[in-house]
Amino acid sequence: MLEIKNIAKSFGNLEVLKDVSLKVEKGDVIAILGSSGSGKTTLLRCMNFLEHADGGTMIFDGEEINLSSIHKKDVLRLRKKTAFVFQNYNLFRNKTALENVMEGLVTARKVPKEQARQKALQMLEKVGMADRKDHYPHQLSGGQQQRVAIARALATDPEIIYFDEPTSALDPELIGEVLSVIRKLAEEGMTMLVVTHEIPFARNVANKVIFMENGVVLEEGEAEEFFANPKQERTRSFLQTIAHV
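Conventions used here
Residues numbered from 1 in each chain as written. Predicted model: local features only at pLDDT ≥ 70, side-chain atom pairs only at ≥ 80, totals over all residues. Heavy atoms only, no water. Pairing = 2+ DSSP bridges. Helix = DSSP H or I, 4+ residues; strand = E, 2+ residues; numbered from the N terminus. Axes fitted to C-alpha atoms, helices over the stretch in contact; angles between N-to-C directions. Parallel < 35°, antiparallel > 145°, perpendicular 65-115°, else oblique. Left-handed = near helix turned anticlockwise from the far one by under 90°. Contact = heavy atoms within 4.5 Å. Nonpolar A, V, L, I, M, F, W, Y, C, P; charged D, E, K, R; others polar. Expected span 1.5 Å × (residues − 1). Buried < 20%, exposed > 50% of the residue type's maximum accessible area, 1.4 Å probe, protein only. Arc of directions from axis to C-beta. Salt bridge = Lys/Arg side-chain N within 4 Å of Asp/Glu carboxyl O.

Student: Tell me about the sheet that holds strand 2 (residues 14-24), and name the residues and values.
Tutor: Strand order in the open sheet formed by four strands is 2-1-4-5, and the pairing between neighbours is antiparallel. This sheet does not close on itself; its edge strands, each paired only once, are strand 2 and strand 5 (63-66). Between one strand axis and the next, the sheet turns through 20 degrees on average, direction left out of account. The sheet contact formed by strand 1 (residues 2-11) and strand 2 spans seven bridges and is antiparallel.

Student: Report on the packing of helix 5 (residues 142-154) against helix 6 (residues 172-187), specifying residues and quantitative values.
Tutor: At a minimum axis separation of 8 Å, helix 5 and helix 6 run at an interaxial angle of 20 degrees. By the angle between their directions, the pair helix 5 and helix 6 is classed as roughly parallel. Considering only the axes of helix 5 and helix 6, their crossing is right-handed. Each of G142, G143, Q144, Q146, R147, I150 and L154 in helix 5 lies in contact with helix 6, whose residues at this interface are L174, E177, V178, V181, I182 and L185. Partitioned by chemical class, the residues of the contact of helix 5 with helix 6 number seven nonpolar, four polar and two charged.

Student: Explain helix 4 (residues 113-126) to me, and be specific about the residues and the numbers.
Tutor: The end-to-end C-alpha distance of helix 4, which contains 14 residues, comes to 20 Å, matching closely the 20 Å that a straight helix rising 1.5 Å per residue would cover. Residues of helix 4 that are buried: A116, A120, M123 and L124. In an axial view of helix 4, the angular spread of the buried residues amounts to 100 degrees, which keeps them on one side of the axis. Turned more than 90 degrees away from the buried face of helix 4, the exposed residues are Q115 and E125. Of the surrounding secondary structure, the elements contacted by the buried residues of helix 4 are helix 3 (97-107) and helix 5. Just past helix 4, the residue G128 takes up positive phi, approximately 75 degrees.

Student: Kindly report on the pairing of strand 10 (residues 216-222), identifying the contributing residues and their values.
Tutor: Here strand 9 (residues 208-213) runs beside strand 10; their pairing, made up of six bridges, is antiparallel. Among the inter-strand pairings, E213 is bridged to a residue of strand 10, identified as V216. Hairpin remark: strand 9 followed by strand 10, antiparallel, with two residues in the connecting loop; positive phi at N214, about 50 degrees.

Student: Can you explain the pattern of salt bridges? Please cite residues and give values.
Tutor: Taken as a whole, this structure holds 15 salt bridges when the rule is applied. Across the pair K81 and D61 runs a salt bridge, and its minimum N-O distance is 3.2 Å. With K81 in the loop between helix 2 (72-79) and strand 6 (82-85) and D61 in the loop between strand 4 (55-60) and strand 5, this pair connects stretches of sequence that are 20 residues apart. The exposure class assigned to D61 is partly exposed, which follows from its relative accessible area of 41%. Three or more residues joined by partner-sharing salt bridges are found here, namely E63, K73, D74 and R77.

Right, dumping it as structure tokens:
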């Protein structure tokens, strides 16, 4: 479904991604683990063209793209196949939950307003937020705002959803409600890449795990095998540290 080969990205003299390769099959839920600064978020942002990669190729639905020289029209076209959920929600503060979910459909995709409204209502229902459709972000908890952000992502019918640490900005008691929505999407077969520190979630929901360190994929594998028998000493150390946080 999606493959990236030798993706590279630097910020000035700092190499953040060093020839990273990754293959995604339809229905995969891939947890991306690693300490801060390992390149996890930059990888996700390059895959969704929020950052411009310095090198590498992407194969998406059989089409091969040079990431360092991709044209803007191709970026816009390929982005329509994906959605991105940010750790800090990125909702419009002056719009209701319903309007936030509708906005991309009406503005970017030119969906008629009433059709967009019906779609937005369906997605808010899906994430358990239909009763908050007329609430503004400041009237919602962090978990509720993140569920609105997930509804916004789902409204575009993406082939893949990228999640960038979707629970990291939440109070501990609100994390479960967001993870349960993502777990439900996994059960429905949605293809997802999730940058996360939630090890129980990665263990129970992801079918594949990659562990990044210093801009490279240090270890990857099927989730069950990855957690039961990590191959690298650094992976074992990381998992032990996270388990005690």
